[in-house]
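# Results of the structural survey
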Amino acid sequence: MYYTNKDVFILSSVGCMDTERDGLESILAGNEEGAKGCCLSVDMTADGIAVLASDGYCLSPDGTQMNIADYSYAELHQVAPQLVPAGQAIELARTCRAKIAITVHNQTRLPQLRMTLRHANYLDDTIFVGLGLVEAARIAVANPDLHIMGELPALPDNIDALVNAAHTTGLFGLRAAPADLTPKLIHTCRQAGLFTMSLPTEHEGTLSALIQKGVNFIETTRPDITAMLLPIEETQPNQIPLMRY
């Protein structure tokens, strides 16, 4: 699926619609309620298997926290069978024709995750979030085939300089708090060919404002509310392949 930075996509947060965090049900629930994508939080096991894990650990039956990076997938699965391989989640998202935003807790394992996404033919529909601007720029320069979003800590005084730097370093776009996604920032990003994404919100007024301003990726725990706020034409499946701006 190709798209432009004039499109708007609802992305369901981890655990949206009161589902369990880091489970396949969250992806399904978001899709059923109108989301056009999902957010995943991924960590890597000691033997290099990507799994869904927002907190970097899973719980054993007796409540013990087991750090994902310290054990093999087989060891973790034995005590926590609910642990979901990222590959399964990516395949489900692919079935739903959904965009994916991934927070990767261990940046050294990006090559393995890239291989998983490339094998699923889903690299172009995946963006990586959760990275500070400097770290995001460094990773974007080293991995030009990955869509890396830089996290904006606050709205800068010089928006033009920020956007120019993001464009020059090869960032895919900028992710920020809803209040910092001003019309000026969004317009400047669009002119530079960059995408914008919001941090999660479920406030109806905020969601409506993000849609009206044309934020590209709107993360929310309430995709049902957000879908109802979209203009009618935005709720229809995109039938025509679009090229990135």
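Residues numbered from 1 in each chain as written. Predicted model: local features only at pLDDT ≥ 70, side-chain atom pairs only at ≥ 80, totals over all residues. Heavy atoms only, no water.

## A short note on the pairing of strand β10 (residues 195-198)
Going by this rule: Accessible area is worked out with a 1.4 Å probe on protein chains only. A residue is then buried under 20% of its type maximum, exposed over 50%, and partly exposed in between. In DSSP terms, a helix is any run of H or I states spanning at least four residues, a strand is any run of E spanning at least two, and both are numbered starting from the N terminus. A strand pair is defined by DSSP finding two or more bridges across the two strands. Every crossover in which the path from the first strand over the helix to the second runs clockwise, viewed with the strands pointing away from the viewer, is termed right-handed.
Burial along β10 is two-sided: the face carrying F195 and M197 and the face carrying T196 and S198 are both buried. Of the pairings in the sheet, the one linking strand β9 (residues 173-176) to β10 comprises four bridges and is parallel in character. Paired with L174 across the two strands is T196, which belongs to β10. Where the polypeptide runs from β9 across helix α7 (residues 183-191) and back to β10, its parallel neighbour, the crossover connection is right-handed. Assessed by its sense of winding, the connection that carries the chain from β10 through helix α8 (residues 204-213) to strand β11 (residues 217-220) is right-handed.

## A closer look at the state of the cysteines
For the record, the criterion: Cysteine sulfur atoms are paired as a disulfide whenever they fall within 2.5 Å.
Taken as a whole and judged by the stated rule, the model has zero disulfides. With no disulfide of its own, C96 lies closest to C38 among cysteine sulfurs, the gap being 7.7 Å. The class of C96 is buried, set by a relative accessible area of 17%. Free of any disulfide, C189 has its nearest cysteine sulfur in C39, 18 Å distant.

## Comments concerning the environment of A192
Note the cut-off: By definition, residues are in contact when any of their heavy atoms lie within 4.5 Å.
The topology assignment puts A192 in the loop between α7 and β10. In this view, A192 contacts V163 and H167; residues no more than four positions away in its chain are not counted.

## Here's the deal with unusual backbone geometry
Located in the positive-phi region is R97, a residue other than glycine, with phi close to 55 degrees. A relative accessible area of 54% means that R97 is categorised as exposed. Here N121, not a glycine, exhibits a phi torsion of approximately 55 degrees, which is positive. Take N121: its relative accessible area is 62%, and that puts it in the exposed class.

## Points about helix α1 (residues 24-32)
Which entries qualify depends on this criterion: By definition, the arc is the one covered by directions from the helix axis to the C-beta atoms.
Where α1 is concerned, the buried positions are S26, I27, A29 and G30. Summarising the axial view, the buried residues of α1 lie within an arc of 165 degrees, below the 170-degree limit, and thus occupy one face. Tucked inside the fold, the buried residues of α1 contact β1 (9-12), β2 (37-44), α3 (86-95) and α9 (223-229). Looking one or two residues beyond α1, the residue adopting positive phi is G34, at roughly 105 degrees.

## Points about the packing of aromatic side chains
Operational definition: Note on ring pairs: Phe, Tyr and Trp rings are taken, using the six-membered ring of Trp, and paired if centres are within 6.5 Å. Classes follow the plane angle, with under 30 degrees stacked, over 60 edge-to-face and the rest tilted.
The full count for this structure, using the stated rule, is six aromatic pairs. A ring pair is formed by Y3 and F195, whose centres lie 5.5 Å apart and whose planes are at 70 degrees; its orientation type is edge-to-face. Highlighted residues: Y3 in the segment before β1 and F195 in strand β10, separated in sequence by 192 residues. Members of the aromatic cluster, joined through ring pairs, are Y3, F9, F172, F195 and F217.

## Quick look at the nonpolar core
The condition that has to hold: In plain words, nonpolar cores are sets of buried Ala, Val, Leu, Ile, Met, Phe, Trp, Tyr and Cys residues tied together by side-chain atoms within 4.5 Å.
If you look at the biggest cluster of nonpolar residues, it comprises 55 residues, and the most contacted ones within it are L40, I102, L113, F128 and I148. Considering each element in turn, this core owes the most residues, five residues, to α3. Among all residues touching I102, those that are not within four sequence positions of it are L40, V42, L113, L117, T126, I127, F128 and V129. In this structure, Y3, I127, M149 and F195 belong to the second largest nonpolar core, which totals 12 residues.

## Details of the packing of α1 against α3
A pair of packed helices is captured by two measures, namely the crossing angle of their axes and the spacing between those axes. The following threshold applies: Axes here refer to lines fitted to C-alpha atoms; in helices the fit is confined to the stretch in contact. Angles between the N-to-C directions go from 0 to 180 degrees. In these notes the angle categories are as follows: under 35 degrees is roughly parallel, over 145 is roughly antiparallel, 65 to 115 is roughly perpendicular, and the rest is oblique. It is the rotation of the near helix from the far one that decides the hand of a crossing: anticlockwise by less than a right angle makes it left-handed, clockwise makes it right-handed. Amino acids are sorted into nonpolar (Ala, Val, Leu, Ile, Met, Phe, Trp, Tyr, Cys and Pro), charged (Asp, Glu, Lys and Arg) and polar (every other residue, Gly among them).
It is the contact of α1 with α3, at a shortest axis distance of 10 Å, that shows an interaxial angle of 15 degrees. If you check the angle between α1 and α3, you find them roughly parallel. Handedness of the α1/α3 crossing: right-handed. Judged by residue contacts, L24, I27 and L28 of α1 engage Q88, A89, L92 and A93 from α3. Partitioned by chemical class, the residues of the contact of α1 with α3 number six nonpolar, one polar and no charged.

## Topic: α8
Since the α-helix packs 3.6 residues into each turn, any two residues three or four apart lie on the same face. If you check which residues of α8 are buried, you get L207, L210 and I211. Projected onto a plane normal to the axis of α8, the buried residues spread over an arc of 100 degrees and lie on a single side. Buried residues belonging to α8 abut β10, β11 and α9.

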